[in-house]
Structures are given as C-alpha cells and as structure tokens.
Amino acid sequence: MAKRRPLIAGNWKMFKSCQDAVDTARLLAGLASGADHTDIMIAPSFTSLFPVSQVLKSSAIALGAQNLHWEKEGAFTGEISADMLHSCGCSHVIIGHSERRQFFGECDETVNKRIACAVSNHLVPVFCIGETEIEREQDKTMNILDKQVKDGLKGLGSDELKALVLAYEPVWAIGTGKTATPDQVQDVHLFLRSLIGDVYGIEFAKSIRIIYGGSVKPANISELMMLEDVDGALVGGASLDAETFNKIIRFK
Ligand code: PEP
C-alpha cells in the first residue's frame, strides 16, 4: 500500500507577537505555495489565530491550535473552546503535548476528554505521546506509549477517529537537538501502528497518520520521511523561521 499523505506541522509554542506571526505566515504561504505533495499545518499561539487565519485564507496551509478545553463554554478562566477555535479558522488542534503534560498537569484522562471534544467538533486532533529519557533507559518506552494511546483514545470508535494524527514525540528529543535514530523512530511507529491495529483493526491502522516530532530540521527530515511508518513531522523550533520550515516541507 502507498504511504499515507504526509503532514508537516509547525508548533510555534509561546513565541511570536501577532505581527510576527502574521509576517511569518505570509512569508511561509508564499514559499510553500505549490508544495502539494504534503499537508501543511501551523499552530500559532491563541492570540494570533484569527489574524493568521486571514493570511492563510488563500493558501493550502491549515491552521491549528495548541490546546482546547472539552467544555462548550462556561466559567473556565484561561481556557478556549472548540467553537472559539472554529471561529478563528482552525481545523486542527495539538493535544497532549509533553510540555502540557510536564508543566500544566495534563494527564491521559484530560487528554482523552480533549480528543473526544476535538473529534465531535470536527477538529483534527494531533495527539502527542512520548516517553521520557529515564523511561527509555529503563526499557519502558512501549509500555508508556501503550498506556498513553489506550487511555487517550478510551471510549472513542474508529468512525470518530478517522482524521486522527498520532504524533510520536520522545520527550528527550524535544528542543534538545537530540533526534531519535531512524531505527528507534521506525520501531516505535511500527509498534504504534500495530497497537492501533489491535484495537481498531489493521485497515484502520494502515490509514492513520503517525508523525514524528523531536528536533526535526532540514538536515534530518528526508531520512525520517523515508521510513515506512513515518507520515510526517511535528516541528517546534525549526518551524519558527519560514525559510527553514519551508526546507522541511520540501523534503525529498
Ligand atoms: C515540539 O514542540 O513538538 C517539538 C518537536 O519541538 P522541537 O522540534 O523544537 O524539538
């Protein structure tokens, strides 16, 4: 079977003012124009979503948010709902990023609520999972991922998860300059695909995208994209500069 259509996604984290975000998005839209071999998504901070959506209107680049709350509305100071994301032009949302897990109390149960909310509101969930360095050293990688995937997707059926993007992001490789080796990445992605296959069936597992994140840059994207079970990348630091991100988008 042919590989799935790739997705190259940029996570801008807590960087860029509105003006910087708009300028970067405009530059990227121009540079990436015609790159129709891949889907492209950028996730600016909440405050820049609407202005960036205006810039992306005439491009094929999708807009994503970096989180969402599962309630429709209410007294949840500091949170943002699926309706609000739609009204800003978002089609995607990153859920369960390791920085949310590490610094903001995100756990598998809240990740599960966010994914359920995203899919019921037709937002594509980019569901992040990954082991820490200690967990890898202790040979617990697959156990950790198994739990994160099963708990994160609990109660959700394959019909609801058709658009799911699974992002394998080893915590020790995020923002550290350490990239997992191609063998490590392929081993994990194959494991994740068979895990999804055990729960949802092999045809479904073959259809979903599993992308890699962790110090992806122009110099390593092509070897990652050659791997059988890698369907794209979630890029942090190297997505902040439009020219660098465009080089990643233009992987061979
Ligand atoms: C990320 O934030 O999801 C990420 C992978 O960051 P970086 O590319 O900087 O390692």
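The structure this text deals with has already been given above.
The rules behind each value
- Here the residue numbering is sequential within each chain, running from 1 through the sequence in written order.
- Totals for whole chains, interfaces and linings use every residue, but because this is a predicted model, local features are given only for residues with pLDDT of at least 70 and side-chain atom pairs only at 80 or more, for both listing and counting.
- For side-chain calculations, the full set of non-hydrogen atoms in the structure is used, while hydrogens and water are omitted.
- In this description a helix means any DSSP run of H or I spanning at least four residues, a strand means any run of E spanning at least two, and both kinds are numbered starting from the N terminus.
- Exposure is judged per residue with a 1.4 Å probe applied to protein chains only, and the accessible area is read against the type maximum: over 50% gives exposed, under 20% gives buried, and values in between give partly exposed.
- The contact definition used throughout considers only heavy atoms, calling two residues in contact when any of these lie within 4.5 Å.
- What qualifies as a polar contact is a pair of N or O atoms within 3.5 Å, subject to a donor-acceptor requirement within protein and to the restriction that residues adjacent in sequence count only when both atoms come from side chains.

### Some remarks on the environment of Ala 180
Then step 1. Residue placement: Ala 180 occurs in the loop between strand 6 (165-168) and helix 8 (182-200).
Then step 2. For Ala 180, a relative accessible area of 4% corresponds to the buried category.
Then step 3. For Ala 180 and Gly 214, which are 34 residues apart along the polypeptide, the C-alpha to C-alpha distance reads 7.6 Å.
Then step 4. With sequence-adjacent residues up to four places away left out, Ala 180 is seen in contact with Pro 170, Trp 172, Ala 173, Val 185 and Tyr 212.

### Examining the environment of Asp 231
Then step 1. Here Asp 231 is to be found in the loop between helix 10 (218-225) and strand 8 (232-235).
Then step 2. Once the C-alpha coordinates of Asp 231 and Thr 132 are considered, the two residues, 99 residues apart in sequence, prove to be 22 Å apart.
Then step 3. Other than its neighbours up to four places away in sequence, Asp 231 contacts Lys 3, Arg 4, Arg 5, Pro 6, Leu 7, Arg 193, Ile 208, Arg 209, Ile 210, Ile 211 and Met 225.
Then step 4. A polar side-chain atom of Asp 231 sits 2.7 Å from a polar atom in the side chain of Arg 193.
Then step 5. Reaching out from Asp 231, the side chain makes a polar contact with the backbone nitrogen of Ile 210 at a distance of 2.9 Å.

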